[in-house]
4 protein chains.
Amino acid sequence: MTASFDLPSLKRFEAEAQAHIRHPQAWDYLQDCAGLGRTHQANLQAFAEQRLVPRPLVNVGGGHTRCELFGQCFEHPILLAPIAYQMLFHAHGEQASAAAASAQGSTLVVSSLASQTLEQIAAASDTPPWFQIYWQGSRERTSRLIDRALAAGYHTFMITVDAPVKQAHFELPPEIYAVNLEVPAAPAAKHPHQSEVFDGWMRQAPTWEDMAWLRDTLNKPLLIKGILHRDDALHAQKLGFDGLVVSNHGGRVLDGCIDSLSALRDIRSALKDELPILFDSGIRSGQDIYHALASGADAVLLGRPYIYGLAANGALGVAQVIRLLRDELEMTMALMGKRTLDDIHELSKN
Amino acid sequence: MTASFDLPSLKRFEAEAQAHIRHPQAWDYLQDCAGLGRTHQANLQAFAEQRLVPRPLVNVGGGHTRCELFGQCFEHPILLAPIAYQMLFHAHGEQASAAAASAQGSTLVVSSLASQTLEQIAAASDTPPWFQIYWQGSRERTSRLIDRALAAGYHTFMITVDAPVKQAHFELPPEIYAVNLEVPAAPAAKHPHQSEVFDGWMRQAPTWEDMAWLRDTLNKPLLIKGILHRDDALHAQKLGFDGLVVSNHGGRVLDGCIDSLSALRDIRSALKDELPILFDSGIRSGQDIYHALASGADAVLLGRPYIYGLAANGALGVAQVIRLLRDELEMTMALMGKRTLDDIHELSKN
Amino acid sequence: MTASFDLPSLKRFEAEAQAHIRHPQAWDYLQDCAGLGRTHQANLQAFAEQRLVPRPLVNVGGGHTRCELFGQCFEHPILLAPIAYQMLFHAHGEQASAAAASAQGSTLVVSSLASQTLEQIAAASDTPPWFQIYWQGSRERTSRLIDRALAAGYHTFMITVDAPVKQAHFELPPEIYAVNLEVPAAPAAKHPHQSEVFDGWMRQAPTWEDMAWLRDTLNKPLLIKGILHRDDALHAQKLGFDGLVVSNHGGRVLDGCIDSLSALRDIRSALKDELPILFDSGIRSGQDIYHALASGADAVLLGRPYIYGLAANGALGVAQVIRLLRDELEMTMALMGKRTLDDIHELSKN
Amino acid sequence: MTASFDLPSLKRFEAEAQAHIRHPQAWDYLQDCAGLGRTHQANLQAFAEQRLVPRPLVNVGGGHTRCELFGQCFEHPILLAPIAYQMLFHAHGEQASAAAASAQGSTLVVSSLASQTLEQIAAASDTPPWFQIYWQGSRERTSRLIDRALAAGYHTFMITVDAPVKQAHFELPPEIYAVNLEVPAAPAAKHPHQSEVFDGWMRQAPTWEDMAWLRDTLNKPLLIKGILHRDDALHAQKLGFDGLVVSNHGGRVLDGCIDSLSALRDIRSALKDELPILFDSGIRSGQDIYHALASGADAVLLGRPYIYGLAANGALGVAQVIRLLRDELEMTMALMGKRTLDDIHELSKN
């Protein structure tokens with residue numbers, strides 16, 4: 001066995017991305033975490049603590065990583081998470097990510113805060129990308145955003161509920177903005193002693209009643225993203241959501257949050273195997289993906305890692321990152337004696 | 001949800017304070033810890049290990065952080081701990097802290113070692129600050145100090161019992177001293193083999209008998225500060241104290257002390273919900289405040305953090321620090337689906 | 001007791017090796033770990049966490065470290081693991097390692113990827129070294145390699161099964177190659193969406209059926225190397241292997257793998273004391289060897305440590321490293337009140 | 001309570017010692033640990049993990065730290081451990097340490113490897129120091145050493161049994177040597193394959209039979225030093241030793257050893273309160289002493305800390321270190337509400 005294969009590490013893409021990003025604050029924005037970064041560290045630490053016991057000598061002939069999600073077939077369970085303003089990181093923006101995902105048998109979930117139009121992004125992809133919805137402060141405004149996505153051909157949707165408070169720590173360059181959104185309504189004036197949170201942002205946040213309305217209104221596959229508590233997972237299931245995304249937003253919203261992998265296990269045990277679960281926050285290697293699948297996820301979303309590829313090398317860089325992680329996942333499967341994703345999922349049923 | 005909000009971190013105030021402080025040793029004095037700093041690290045570590053499981057989509061309309069303590073109403077449960085010699089950190093000293101606290105719906109607990117007169121400090125505040133008592137070596141001397149505070153209009157008192165041994169590692173500048181205290185009595189001469197502790201300082205320390213006397217003598221709301229053991233909390237309750245402050249003096253007295261958060265939980269479970277508990281030592285963010293409240297505290301006292309604001313920017317800096325931590329507390333509450341402090345306190349009753 | 005003895009630490013050999021290695025990438029290759037190095041760290045950490053309780057005043061007169069393995073007598077239980085391309089590290093290559101092992105009452109396990117011929121290496125040793133087999137993609141090719149080793153007089157064999165995927169991160173210099181192997185077969189062309197792993201490397205990997213064939217074919221002592229799961233250990237025992245090597249390949253194959261010492265304990269408890277177990281991955285001192293023996297190993301294999309000696313000082317350096325670790329093992333035994341390896345093995349039977 | 005007291009930390013003595021030591025290798029020798037220093041780290045870590053819950057307001061009037069050991073009264077339970085060749089660290093050598101101990105109400109345990117004569121050292125002390133015995137390879141040689149100490153007036157003895165192998169990593173300067181010892185016997189020639197340990201050093205090591213002989217021979221208070229296992233403690237008790245010293249030789253003999261504090265607790269629980277236990281290895285503060293006493297020790301021995309004082313400032317430095325740790329112990333007692341050592345010992349009886 002003398003064939004040689006050099007696996008480039010994700011670390012190399014991270015370094016190249018930092019070298020290539022033009023906007024001085026864009027790199028900080030990409031890497032930013034809430035508070036002292038404890039949530040992000042907890043995400044990484046949870047994966048670092050997992051241990052694999054290899055099983056050599058298993059015949060894994062005919063093995064593969066194919067899967068089906070909401071009627072769509074994928075070569076592997078590695079999708080691209082919604083990330084805002086991708087033109088900050090490369091001039092080809094979301095189009096590059098969408099094209100790379102499509103070419104690699106994956107898909108991009110397009111952010112509400114995309115810096116290119118929904119139509120442009122869809123045109124860059126062989127199969128329609130998915131669309132991520134941020135609540136727009138009212139049902140009417142939210143409906144108008146969804147209608148635009150439907151008209152552009154999107155037919156799988158994901159509403160993010162974990163970040164009613166949007167934090168942007170720097171001024172975007174004038175040419176980069178959320179081109180698919182309406183101009184936000186001006187906030188009402190406040191008394192000095194009023195609460196920024198309760199009397200301000202939270203008035204724009206959606207509630208479970210809004211989720212019920214959305215589920216009834218939208219006759220498409222619909223996922224809810226940002227669920228960490230088992231009771232909320234059961235609530236979403238009862239409302240008829242088609243799936244959910246366990247995520248702590250990559251540690252960007254609340255510092256000191258439960259790590260994503262622990263939340264995944266708890267929620268999978270609550271849901272049994274009745275509802276598809278996607279997972280993000282902390283995936284940095286193919287072994288991490290293996291652990292997420294073995295903990296009950298049906299697929300994972302990459303966040304910062306594919307943006308490293310985008311910043312380093314546009315669509316080609318995104319494709320390389322997807323391929324790197326797929327190869328690592330396959331090698332882990334082979335060393336663990338697993339032929340298919342179903343073989344891995346069995347592990348979460350014990 | 002595209003509104004942007006930039007939360008300045010407490011870290012920035014700490015850095016600015018260090019840059020502004022004039023007295024070269026004052027910064028070291030402010031940051032100083034007992035021994036190797038293990039108590040202080042344990043305080044911070046206890047908070048760092050807490051994990052939150054967010055609950056999005058809860059309707060928190062009308063939420064607020066108001067609370068009542070000893071008949072006084074506050075906008076939020078964040079008070080300012082007694083800290084000595086504040087003119088070391090800013091020329092406006094305790095007056096600046098008192099004014100900022102008052103403007104932000106909080107209050108300052110004025111130290112026995114204040115560098116401005118009780119009358120000056122009270123005059124800077126719309127509502128009367130609280131007064132912290134250090135035992136003055138005898139009942140007579142202690143009574144005279146309290147009488148002066150009563151005459152100046154103070155009517156909530158807090159006696160500190162955890163630091164009979166006062167450590168000051170540098171010579172104060174001549175113009176800064178404890179202006180409200182009498183000249184200390186000269187200590188008696190000692191034999192060479194005599195104990196500095198048992199034959200020296202501890203002769204000046206108060207006992208539980210002195211606490212009973214103080215409680216009977218002072219007909220005002222009276223708290224006892226520096227309690228860490230559940231039996232001492234029950235003792236204080238039996239003597240009729242109106243509340244207690246769980247504190248290890250910010251790690252400045254005894255190295256290797258139990259962390260403040262663990263002590264809080266133990267004491268709250270011993271007291272049930274019968275006595276108000278204030279808490280200090282280790283608070284550095286709004287999430288920390290949330291954890292203290294969820295562990296049984298009715299309010300928290302800031303220590304070094306508000307002095308960072310004072311040193312960086314006088315009264316305005318103190319106000320900014322209070323507001324920062326209040327905003328963080330509110331955001332944590334909103335993400336956790338909690339409308340009021342009572343909703344948080346429920347967590348400590350399980 | 002004033003005799004003085006200066007134990008040179010293995011750290012010194014590591015530093016000297018780094019200074020001596022000529023090929024710029026050879027050092028990185030030697031130290032390389034899979035992924036982020038978590039497996040390697042876990043190996044070291046597992047040893048670091050062991051605690052010894054010394055037993056002074058025991059009469060250990062006549063103590064020794066002699067042992068018998070597969071009919072061969074050794075002065076001590078410290079063998080040299082198969083490591084590829086040793087001419088990268090010193091011009092005398094595998095011959096130097098074999099000669100040093102022989103002189104120190106140990107043996108070298110010669111790698112399939114040796115940079116000198118099997119005949120040259122055997123000639124450098126008083127007693128025949130052992131031979132390590134990598135599966136050659138088919139039974140025919142593997143048979144031809146074994147036949148060559150048999151002809152050269154080798155009569156103890158060890159097949160490595162934990163690394164179907166061979167990773168070489170740099171181009172070898174032209175004069176250094178696996179001189180004992182046939183030219184590898186060219187891989188078949190692949191479709192773009194095909195799997196590098198399942199449709200590529202793994203087609204060359206052996207299976208348990210191949211192991212059964214090998215065991216039946218080869219009428220010599222035969223060990224299986226790279227077993228970490230108790231069920232695989234039992235499987236190997238059932239097939240009639242003469243022993244096994246618990247190893248995670250020094251953390252070079254799969255990142256996030258179980259640490260080698262935990263695997264050893266689990267496997268020894270599964271096998272009772274019915275089958276000899278060798279152990280590698282993480283040995284850096286005589287105390288580590290003591291812990292491995294006390295956890296159920298019959299002998300250990302050194303990996304990187306003896307290459308440090310080889311690079312630093314050729315055969316003499318290898319001999320010094322063996323002697324250093326033997327002396328440390330003996331000193332640990334003496335301080336623990338153990339006279340022989342059997343006394344240590346007793347510890348694994350509780 | 002405005003009196004100020006500045007506690008100099010032991011860290012300052014350590015830094016001054018390093019600056020003052022003339023022999024370039026003497027500092028390394030003083031700080032040296034076995035192997036990777038894991039035993040030493042474990043010692044320190046065990047203390048760092050202890051937590052104190054202060055008990056203010058207790059009347060500790062008349063408190064003190066006096067104790068009686070083997071018929072001798074001490075002001076406090078802080079003795080000086082046997083340390084070799086003290087003239088390496090200061091020209092006044094063991095005499096300075098003995099004089100300082102005597103002045104501070106403590107005592108020095110003089111090492112068999114002292115660099116000054118037993119008579120000189122005894123002359124520097126008001127009360128006779130104790131004498132530490134290293135086994136001299138035979139009962140005859142050991143007897144002659146003890147007879148010399150008896151003649152010099154020593155009447156409390158301590159035999160060290162944990163270091164049959166003496167490691168000295170550098171050449172002593174010619175004027176510094178173990179002046180009280182006979183010239184060692186030349187070791188017999190060895191075969192190349194012979195064991196350095198079993199065929200060399202260990203032939204000089206004492207056994208339990210030698211301990212029985214020593215106990216019967218020496219009609220003075222006799223302690224055994226270097227016990228870590230409960231069975232060995234019980235064995236020593238049965239032989240009639242007057243006390244024992246729980247010690248891992250400051251982490252200088254065997255790396256990966258159990259930490260000293262855990263061993264102390266286990267041994268005290270085995271012995272109940274029937275035999276005095278002294279303790280060393282890891283004491284760096286008065287809180288550490290408090291924890292050792294609360295874990296079952298009757299007194300502690302300082303090691304490196306007093307040599308820091310000796311190197312920094314001769315007898316005065318040793319006295320300052322003793323006083324520093326005594327003051328810290330007293331302050332800890334006062335804050336914990338403990339008046340006497342008996343109050344602390346009560347804690348180990350739960």
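## Digging into the overall build of chain A
Item 1. Along chain A, the regular secondary structure elements total twelve helices and ten strands.
Item 2. The C-alpha radius of gyration computed for chain A amounts to 20 Å, which stays within 12% of the reference 20 Å derived for 350 residues, consistent with globular compactness.
Item 3. Long-range contacts, defined as pairs at least 24 residues apart, comprise 73% of the intrachain contacts of chain A with a sequence gap of at least 6.
Item 4. Carbon and sulfur atoms provide 49% of the accessible area of chain A, an area that totals close to 12,900 Å².
Item 5. In chain A, 30 side chains carry a positive charge and 39 a negative one; their mean positions are 2 Å apart.

## A few points about the nonpolar core
Item 1. Of all hydrophobic cores here, the largest spans 475 residues; its most connected members are A:Ile224, B:Ile224, C:Ile224 and D:Ile224.
Item 2. Among the elements that line this core, the one with the most residues is helix H11 (residues 304–336) of chain D, at 18 residues.
Item 3. Here C:Ile224 is in contact with A:Leu57, C:Ile159, C:Val161, C:Trp208, C:Met211, C:Ala236, C:Phe241, C:Gly243, C:Leu244 and C:Val245, once residues within four sequence places are set aside.

## Observations concerning the pattern of salt bridges
Think of it this way: side chains of opposite charge can pair up when their charged atoms draw near.
Item 1. Scanning all chains against the criterion turns up 47 salt bridges over all chains.
Item 2. Residues B:Glu330 and B:Arg326 are paired through a salt bridge, measuring 3.0 Å at the closest nitrogen-oxygen approach. With B:Glu330 and B:Arg326 both in helix H11 (residues 304–335) and four residues apart, this pair spans about one turn of that helix. Like B:Arg326, B:Glu330 is buried.
Item 3. Salt bridges here are not isolated pairs; linked through shared partners, they connect A:Arg141, A:Arg144 and A:Glu182.

## Observations concerning the pairing of strand E8 (residues 243–246) of chain B
Residues and elements named next belong to chain B.
Item 1. Here E8 shows no split at all, with Gly-243 and Val-245 on one side and Leu-244 and Val-246 on the other all buried.
Item 2. Where strand E7 (residues 222–227) meets E8, four bridges bridge the pair, whose relative direction is parallel. What sits directly across from Ile-224, in E8, is Leu-244.
Item 3. Looking at chain direction, E8 and strand E9 (residues 277–279) are connected through three bridges and run parallel. Looking at E9, one finds that Val-245 is bridged to Leu-278.

## Quick look at the sheet that holds strand E5 (residues 130–134) of chain B
Residues and elements named next belong to chain B.
Item 1. Read from one edge of the open sheet, eight strands run E3-E10-E9-E8-E7-E6-E5-E4, paired in parallel fashion. Each edge of the open sheet carries a strand with a single partner, namely strand E3 (78–80) and strand E4 (109–110).
Item 2. Helix-sheet contacts for H11 involve E3 and strand E10 (299–302), and the interaxial angle to E3 is about 165 degrees.

## Some points on the interface of chain B and chain A
Item 1. Taken together, the contact pairs 39 residues of chain B with 45 residues of chain A.
Item 2. Interface area for chain B against chain A, summed over the two sides, is near 3,600 Å², with a carbon-plus-sulfur share of 62%.
Item 3. Linking chain B with chain A are one salt bridge, by the criterion used here.
Item 4. Across the pair A:Asp232 and B:Arg55 runs a salt bridge whose closest N-O atoms are separated by 3.0 Å.
Item 5. Counting every contact that joins chain B to chain A gives seven residue pairs in polar contact (both at pLDDT 80 or more).
Item 6. Counting only elements with at least two residues in the side of chain B that touches chain A, the list comes to helix H3 (38–48), helix H10 (286–294) and H11 of chain B.

## Thoughts on the relation of the copies chain B and chain A
Each of the two copies of the chain can be brought onto the other by a rotation about an axis and a shift along it.
Item 1. The two copies are related by a screw motion: chain B maps onto chain A through a turn of 90 degrees and a shift of 0.0 Å along the axis, at an RMSD of 0.0 Å. What the rotation and shift describe, once combined, is the action of a four-fold rotation axis.

## Thoughts on the sheet that holds strand E10 (residues 299–302) of chain C
Either a parallel or an antiparallel arrangement is found when strands of a sheet pair, and the pairing is made through backbone hydrogen bonds.
Residue and element names in this part refer to chain C.
Item 1. The sheet built from eight strands is open, its strands ordered E3-E10-E9-E8-E7-E6-E5-E4 with parallel pairing. The open sheet has two edge strands, strand E3 (78–80) and strand E4 (109–110), and neither has a second partner.
Item 2. As judged from the three bridges shared by E3 and E10, these two strands associate in the parallel manner. Along E10, the bridge assignment pairs Leu-80 with Leu-302.

## Concerning the interface of chain A and chain C
Item 1. Contacts between the two partners involve 39 residues from chain A and, on the opposite side, 45 residues from chain C.
Item 2. Taking both sides of the interface into account, the surface hidden between chain A and chain C amounts to around 3,600 Å²; carbon and sulfur atoms contribute 62%.
Item 3. Taken together, chain A and chain C are joined by one salt bridge.
Item 4. At the surface where chain A touches chain C, the tally comes to seven residue pairs in polar contact (both at pLDDT 80 or more).
Item 5. Elements supplying a minimum of two residues to the side of chain A that touches chain C: helix H3 (38–48), helix H10 (286–294) and helix H11 (304–335) of chain A.
Item 6. Across the side of chain A that touches chain C, the residue classes break down as 17 nonpolar, ten polar and twelve charged.

## Looking at the arrangement of the chains
Item 1. No interface is formed between chain B and chain C, the nearest pair of C-alpha atoms being 23 Å apart.
Item 2. Separated in space, chain A and chain D share no contact, their closest pair of C-alpha atoms being 23 Å apart.

## Observations regarding helix H9 (residues 260–271) of chain C
Residues and elements named next belong to chain C.
Item 1. With twelve residues, H9 should cover 16 Å at 1.5 Å per step; its first-to-last C-alpha distance of 16 Å lies within 8% of that length.
Item 2. If you check which residues of H9 are buried, you get Ser-260, Leu-261, Ala-263, Leu-264, Ile-267, Arg-268, Ala-270 and Leu-271.
Item 3. N-capping of H9 is provided by Asp-259, with a side-chain oxygen placed 3.3 Å from the backbone N of Leu-261.
Item 4. Just downstream of H9 lies Lys-272, where phi reads positive at about 50 degrees.

## Re the environment of B:Leu218
Residues and elements named next belong to chain B.
Item 1. Tracing the backbone through its elements, the reader meets Leu-218 in the loop between helix H7 (208–217) and E7.
Item 2. With a relative accessible area of 4%, Leu-218 lands in the buried category.
Item 3. Residues Leu-218 and His-155, spaced 63 residues apart in sequence, show a C-alpha to C-alpha distance of 9.9 Å.
Item 4. Excluding residues within four positions of it along the chain, Leu-218 makes contact with Ile-146, Leu-150 and Phe-157.

## Quick look at the state of the cysteines
Item 1. Using the criterion set out here, one finds zero disulfides over all chains in the structure.
Item 2. No disulfide involves A:Cys257; its sulfur sits 12 Å from that of A:Cys33, the nearest cysteine.

## With respect to the confidence of the model for chain A
All names here are of chain A.
Item 1. Confidence in the prediction of chain A, expressed as mean pLDDT, is 92, and 93% of residues score 70 or more.
Item 2. Confidence drops under a pLDDT of 50 for residues 1–7, and excluding neighbours within four residues, the segment shows 26 contacts in the predicted structure.
Item 3. Model confidence for the complex: the whole-complex pTM is 0.94, and ipTM, which rates the interface, is 0.93.

## So, the packing of H10(B) against H11(B)
Residue and element names in this part refer to chain B.
Item 1. Two elements in contact, H10 and H11, have axes separated by 7 Å at closest approach and are oriented at 60 degrees. Crossing of H10 against H11: the hand is right-handed. Only Leu-325, Glu-328, Leu-329, Thr-332 and Met-333 of H11 make contact with H10, whose side of the interface consists of Gly-286, Gln-287, Ile-289, Tyr-290 and Leu-293.
Item 2. When its residues are assigned to classes, the contact of H10 with H11 shows six nonpolar, three polar and one charged.

## Thoughts on the environment of D:Phe89
Item 1. Topologically, D:Phe89 is positioned in the loop between strand E3 (78–80) and helix H4 (93–103).
Item 2. Along the chain, D:Phe89 and D:Pro206 lie 117 residues apart, while their C-alpha atoms are 30 Å from each other.

## Quick notes on helix H1 (residues 10–20) of chain A
Residues and elements named next belong to chain A.
Item 1. Among all positions of H1, only Leu-10, Phe-13 and Ala-17 are buried. The buried residues of H1 occupy an angular sector of 50 degrees when projected down its axis, which confines them to one face. Along H1, the residues that are exposed and aim more than 90 degrees away from the buried face are Lys-11 and Ala-19.
Item 2. Its buried side turned inward, H1 meets helix H2 (24–31) and H11.
Item 3. A side-chain oxygen of the first residue of H1 lies 2.8 Å from the backbone nitrogen of Lys-11; this N-cap is Ser-9.

## Focus on the environment of A:Gly137
Residue and element names in this part refer to chain A.
Item 1. Tracing the sequence through the fold places Gly-137 in the loop between strand E5 (130–134) and helix H6 (139–151).
Item 2. What makes Gly-137 partly exposed here is its relative accessible area of 24%.
Item 3. When the C-alpha positions of Gly-137 and Ile-121 are compared, they lie 25 Å apart, and in sequence the two are 16 residues distant.
Item 4. With residues up to four places along the chain from it excluded, the contact list for Gly-137 reads Thr-142 and Gln-204.

## Here's the deal with the side chain of A:His345
Residue and element names in this part refer to chain A.
Item 1. Topologically, His-345 is positioned in helix H12 (residues 341–345).
Item 2. Among the residues examined, His-345 registers a relative accessible area of 14% and is labelled buried.
Item 3. In contact with His-345, not counting residues within four places along its chain, are Leu-293, Ala-297 and Asp-298.

## Some words on the packing of aromatic side chains
Item 1. Inspection of every chain in the model, using the stated rule, returns 28 aromatic pairs over all chains.
Item 2. Where A:Trp135 meets A:Trp213, the ring centres are 5.8 Å apart and the plane angle is 85 degrees; that geometry is what we call edge-to-face. Of the two residues, A:Trp135 is situated in the loop between E5 and H6 and A:Trp213 in helix H7 (residues 208–217); the sequence distance between them amounts to 78 residues. A:Trp213 matches A:Trp135 in its accessibility class, with the two residues each being buried.
Item 3. Residues C:Phe74 and C:Trp130 carry aromatic rings whose centres are separated by 6.3 Å and whose planes lie at 70 degrees to one another, so their mutual orientation is edge-to-face. You can see C:Phe74 sitting in strand E2 (residues 72–74) and its partner C:Trp130 sitting in strand E5 (residues 130–134), a full 56 residues away along the chain.
Item 4. With a relative accessible area of 4%, C:Phe74 lands in the buried category.
Item 5. Members of the aromatic cluster, connected to one another through ring pairs, are A:Phe70, A:Phe74 and A:Trp130.
Item 6. Sitting above the plane of the B:Tyr29 ring, B:Arg252 keeps its charged end 5.2 Å from the centroid.

Rules of the game
- Residues numbered from 1 in each chain as written.
- Chains lettered and ligands numbered in written order.
- Predicted model: local features only at pLDDT ≥ 70, side-chain atom pairs only at ≥ 80, totals over all residues.
- Heavy atoms only, no water.
- Helix = DSSP H or I, 4+ residues; strand = E, 2+ residues; numbered from the N terminus.
- Rg over C-alpha atoms; globule rule 2.2 N^0.38 Å.
- Contact = heavy atoms within 4.5 Å.
- Areas by Shrake-Rupley, 256 points an atom, 1.4 Å probe, with all protein chains shown as cover.
- Lys, Arg positive; Asp, Glu negative; His and termini not counted.
- Charge placed at Lys NZ, Arg CZ, Asp CG, Glu CD.
- Core = buried A, V, L, I, M, F, W, Y, C linked by side-chain atoms within 4.5 Å.
- Buried < 20%, exposed > 50% of the residue type's maximum accessible area, 1.4 Å probe, protein only.
- Salt bridge = Lys/Arg side-chain N within 4 Å of Asp/Glu carboxyl O.
- Pairing = 2+ DSSP bridges.
- Axes fitted to C-alpha atoms, helices over the stretch in contact; angles between N-to-C directions.
- Buried area = accessible area lost by both parts, 1.4 Å probe.
- Polar contact = N/O pair within 3.5 Å; in protein donor to acceptor, adjacent residues only side chain to side chain.
- Least-squares fit on C-alpha atoms with pLDDT ≥ 70 in both.
- Nonpolar A, V, L, I, M, F, W, Y, C, P; charged D, E, K, R; others polar.
- Expected span 1.5 Å × (residues − 1).
- Disulfide = S-S within 2.5 Å.
- pLDDT = per-residue confidence, 0-100.
- Left-handed = near helix turned anticlockwise from the far one by under 90°.
- Arc of directions from axis to C-beta.
- Phe/Tyr/Trp six-rings, centres within 6.5 Å; stacked < 30°, edge-to-face > 60°.
- Lys NZ or Arg CZ within 6 Å of the ring centre and 35° of its normal.

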